[in-house]
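These are the residues of each chain, in order.
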Amino acid sequence: MNVTPSMTPAVDVRLRPAYYFSSECLGPYVTGLLERCTSIFELKKAMATDLAHGNAGVSDGRGVVENGALLQGEVIVQAGARIEAGARVIGPVLVCTGSVVSAGALVRDHSVIGPGCRIGFGAEITRSLLTSHVFAKHPCFVGDSVIGRRVNIGSFCSTTGLRCDRGPVAEPAIEEITVTLDGQRIPTGQTKFGAVVGDEVVLPAGSVLSPGTLIGPGTVIHPRDHIGGFLPAGSRVR
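Residues numbered from 1 in each chain as written. Predicted model: local features only at pLDDT ≥ 70, side-chain atom pairs only at ≥ 80, totals over all residues. Heavy atoms only, no water.

## Thoughts on the overall build of the protein
Link 1 in the chain: Secondary structure summary: the protein contains three helices and 27 strands in total.
Link 2 in the chain: Considering only residue pairs separated by 6 or more positions, the protein has 28% of its internal contacts joining residues 24 or more positions apart.
Link 3 in the chain: For the protein, the exposed area adds up to about 11,000 Å²; of that, 55% sits on carbon and sulfur atoms. (Helix = DSSP H or I, 4+ residues; strand = E, 2+ residues; numbered from the N terminus. Contact = heavy atoms within 4.5 Å. Areas by Shrake-Rupley, 256 points an atom, 1.4 Å probe, with all protein chains shown as cover.)

Below you can see the structure in the form of structure tokens.
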């Protein structure tokens, strides 16, 4: 049976990219990615497919790669971006204009570092999208996540993308991650899904985000060690 547009299930506004991310200053690739994905659950898969098949929409590799930087696989460094000596980047990865991957940082497979980001010593980014002007300048881990514009990730913050509440951890993962909205569990279709963090959120040092955490833009989080669930836009959390 053919499905007409009117018969397609509506996506909850809280699961749409537009709820979390402004379209300002994102660059052509990130802007296009957000526009063509109707759900936040589609972003990571679409990005991974683009990178794996060379469809990131940019072939500009004129950025600076300093002597002593270690690059493996397909790594695109756009003009105006820089990977410093002592950094390690394992592709496929796109580093957009104005971003700096500093000495001692690790960026791994299927990640996009959007425009104007700063990835510092001890920071590890893997299978994640950093939309624009994200600061991860201290030791931290961002995995299987989408991080909004002007988010600051404090020292020793960590996203958690893998369920570990049902016995020994299996690799590859087999337990699907769900998110909870209005008391209902919603499947993500993924066995590794960390967090979606909206624009202009500051994650305090030492914060640990549970799998499937959704944080709306402009949320203020006071220092605490564990964050999970859905936090609406503009929340204040103590």
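## Section: the sheet that holds strand E23 (residues 213-215)
Link 1 in the chain: Pairing within the open sheet is parallel, and its eight strands lie in the order E3-E6-E9-E12-E15-E20-E23-E26. Every other strand in the sheet has two partners, leaving strand E3 (75-77) and strand E26 (230-231) as the edge strands with one partner each.
Link 2 in the chain: Pairing geometry for E3 and strand E6 (residues 93-95), over three bridges, is parallel. Bridge assignment links Val 77 to a residue of E6, and that residue is Val 95.
Link 3 in the chain: Relative to strand E9 (residues 111-113), helix H3 (residues 40-52) is tilted by about 95°, and along the sheet it contacts E6, E9, strand E12 (129-130), strand E15 (146-147), strand E20 (195-197) and E23. (Pairing = 2+ DSSP bridges. Axes fitted to C-alpha atoms, helices over the stretch in contact; angles between N-to-C directions.)

## So, the packing of helix H2 (residues 27-36) against H3
Link 1 in the chain: At a minimum axis separation of 10 Å, H2 and H3 run at an interaxial angle of 130°. The orientation of H2 relative to H3 falls into the category oblique. Along this stretch, H2 crosses H3, giving a crossing that reads as right-handed. For the pair formed by H2 and H3, the contact residues are Tyr 29, Leu 33, Leu 34 and Arg 36 on the first element and Glu 42, Leu 43, Ala 46, Met 47 and Asp 50 on the second.
Link 2 in the chain: Tallied by class, the residues present in the contact of H2 with H3 amount to six nonpolar, no polar and three charged. (Parallel < 35°, antiparallel > 145°, perpendicular 65-115°, else oblique. Left-handed = near helix turned anticlockwise from the far one by under 90°. Nonpolar A, V, L, I, M, F, W, Y, C, P; charged D, E, K, R; others polar.)

## Side note on the nonpolar core
Link 1 in the chain: Judged by nonpolar contacts, the single largest core of 36 residues is most densely connected at Ile 83, Val 101, Ile 119, Leu 130, Ile 153 and Ile 215.
Link 2 in the chain: Secondary structure elements with two or more residues in this core: E3, E6, strand E11 (123-126), strand E14 (140-143) and E20.
Link 3 in the chain: Ignoring any residue separated from it by four or fewer positions in sequence, one finds Val 101 in contact with Arg 82, Ile 83, Glu 84, Ala 87, Val 89, Val 95, Val 107 and Ile 119.
Link 4 in the chain: Grouped together as the second largest cluster of nonpolar side chains are 28 residues, Leu 15, Leu 33, Cys 37 and Ala 46 included. (Core = buried A, V, L, I, M, F, W, Y, C linked by side-chain atoms within 4.5 Å. Buried < 20%, exposed > 50% of the residue type's maximum accessible area, 1.4 Å probe, protein only.)

## Some points on H2
Link 1 in the chain: Within the sequence span of H2, burial applies to Tyr 29, Val 30, Thr 31, Leu 33 and Leu 34.
Link 2 in the chain: The inward-facing, buried residues of H2 abut helix H1 (17-20), H3, E6, E9 and E12.

## Thoughts on H3
Link 1 in the chain: Considered for burial, the residues of H3 that qualify are Ile 40, Phe 41, Leu 43, Lys 44, Ala 46, Met 47, Asp 50 and Leu 51.
Link 2 in the chain: One side-chain oxygen of the residue at the start of H3 lies 3.1 Å from the amide nitrogen of Phe 41, identifying that residue as Ser 39. (Polar contact = N/O pair within 3.5 Å; in protein donor to acceptor, adjacent residues only side chain to side chain.)

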